[in-house]
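# An overview of the molecular structure
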Amino acid sequence: MTTYSVYEPSKPPADLAERAERLAFVKEGFSWPAFFVPFFWLIYHRMWIELVLLMVLLVALQLAFGLDERGEALVGWASLAVSLLFAFEANDLRTASLERRGYKLAGVASGESRDTAELSFLRTWLPQREKGAALSEPAPKRADRVETPRTRISEGEEVIGLFPRA
């Protein structure tokens, strides 16, 4: 079973269907696409800061180990290690990127696949949003509040806790 964090934009559209379309489902755990094609993964998710940092890190590794045969081998192994580490952290970086753009956590979904997780989340999320829209409409005016009668205590009367001393 796979778990997804669901993020919603801070200024969601008024239309409920469009609002559901703009939800972002972020898988928890290792990201295979981020391991095999990290640059394309970052571009697809529009994570520009992370893309630049990853490129700078890989160029720095190349400069640190040199251009000779031994350096190239070390760069290859170091790049593999960086890719592996990046794949483990990619979805957490995506979460941070969404929060930086103003997205807020809307909930958590889980399922055998992303489709079943989305379906189970939307089955609970949509009715709650529809209720929220109904509750946000102005409520009809109620009759004046009925106040409960209060007993008065004279000035000289001593009170112990909630009860006056007899």
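About the thresholds
Per chain, residue numbering runs from 1 following the sequence as it is written. Note on the predicted model: pLDDT of at least 70 is required for a residue's local features to be given, and 80 or more for side-chain atom pairs to be given and counted; whole-chain, interface and lining totals, by contrast, use all residues. Computation of side-chain values covers all heavy atoms of the structure but excludes hydrogens and water. One speaks of a salt bridge when a side-chain nitrogen belonging to Lys or Arg is within 4 Å of a carboxyl oxygen belonging to Asp or Glu. Helix numbering and strand numbering both begin at the N terminus, where a helix is a DSSP run of H or I of at least 4 residues and a strand a DSSP run of E of at least 2. Partly exposed describes any residue whose relative accessible area lies between the buried limit of under 20% and the exposed limit of over 50%, with all areas from a 1.4 Å probe on protein chains only and scaled to the type maximum. A helix is expected to reach a length of 1.5 Å times the quantity of its residues less one. As used here, the arc belongs to the directions running from the helix axis to the C-beta atoms. Every residue pair with non-hydrogen atoms within 4.5 Å of one another is taken to be in contact. Any Phe, Tyr or Trp ring, taking Trp's six-membered ring, that has another such ring centre within 6.5 Å forms a pair; planes under 30 degrees apart are called stacked, those over 60 apart edge-to-face, and the others tilted. Note on terminology: a nonpolar core comprises buried Ala, Val, Leu, Ile, Met, Phe, Trp, Tyr and Cys residues joined through side-chain atoms within 4.5 Å.

## Quick notes on the pattern of salt bridges
Tallying each qualifying case throughout the model produces three salt bridges. Among the salt bridges present, the one from Glu50 reaches Arg100, with a minimum N-O distance of 3.0 Å. One end of the pair, Glu50, is in helix H4 (residues 48-65); the other, Arg100, is in helix H5 (residues 69-100), and 50 residues separate them in sequence. The class for Glu50 is buried, based on a relative accessible area of 10%. Residue classification places Arg100 among the partly exposed residues on the basis of a relative accessible area of 47%.

## Overview of H4
The terminal C-alpha atoms of H4, which comprises 18 residues, lie 26 Å apart, in line with the 26 Å expected from a rise of 1.5 Å per residue. Buried residues of H4: Glu50, Leu51, Leu54 and Leu61, and no others. Across the axial projection of H4, the buried residues extend over an arc of 110 degrees, all falling on one side. Facing away from the buried side of H4, by more than 90 degrees, are the exposed residues Leu53, Val56, Leu63 and Ala64. Packing partners of the buried residues in H4 comprise helix H3 (38-44) and H5. In the segment just after H4, Gly66 is the residue with positive phi, at about 90 degrees.

## Points about unusual backbone geometry
Even without being glycine, Arg46 reaches a positive phi, approximately 55 degrees. Here Arg46 lies in the loop between H3 and H4. Residue Arg46 is classed as exposed on the basis of its relative accessible area of 52%.

## Let's talk about the packing of aromatic side chains
Using the criterion set out here, one finds nine aromatic pairs in the structure. Pairing Phe121 with Trp125 gives two aromatic rings, centres 6.2 Å apart and planes at 20 degrees, and the pair type is stacked. On the criterion of helical spacing, the pair formed by Phe121 and Trp125 is a turn pair, its members being four residues apart in helix H6 (residues 114-136). By relative accessible area, which is 6% here, Phe121 ends up buried. Through successive ring pairs, a cluster of aromatic residues spans Phe30, Trp32, Phe35, Phe36 and Phe88.

## Focus on the nonpolar core
Counting 11 residues, the largest nonpolar core consists of Ala34, Trp41, Leu42, Met47, Leu51, Leu54, Leu61, Ala78, Val82, Phe86 and Ala90. When residues of this core are traced back to their parent elements, those giving at least two are H3, H4 and H5. Considering each element in turn, this core owes the most residues, four residues, to H5. Counting residues in hydrophobic clusters, the runner-up holds nine residues, among them Val6, Ala20, Leu23 and Phe121.

## Structural notes on the environment of Phe36
Note on placement: Phe36 falls in helix H2 (residues 32-36). Overall, Phe36 belongs to the exposed group, its relative accessible area being 58%. The spatial distance from the C-alpha of Phe36 to the C-alpha of Leu80 is 10.0 Å, given a sequence separation of 44 residues.

Any functional reading would require information beyond the geometric quantities listed.
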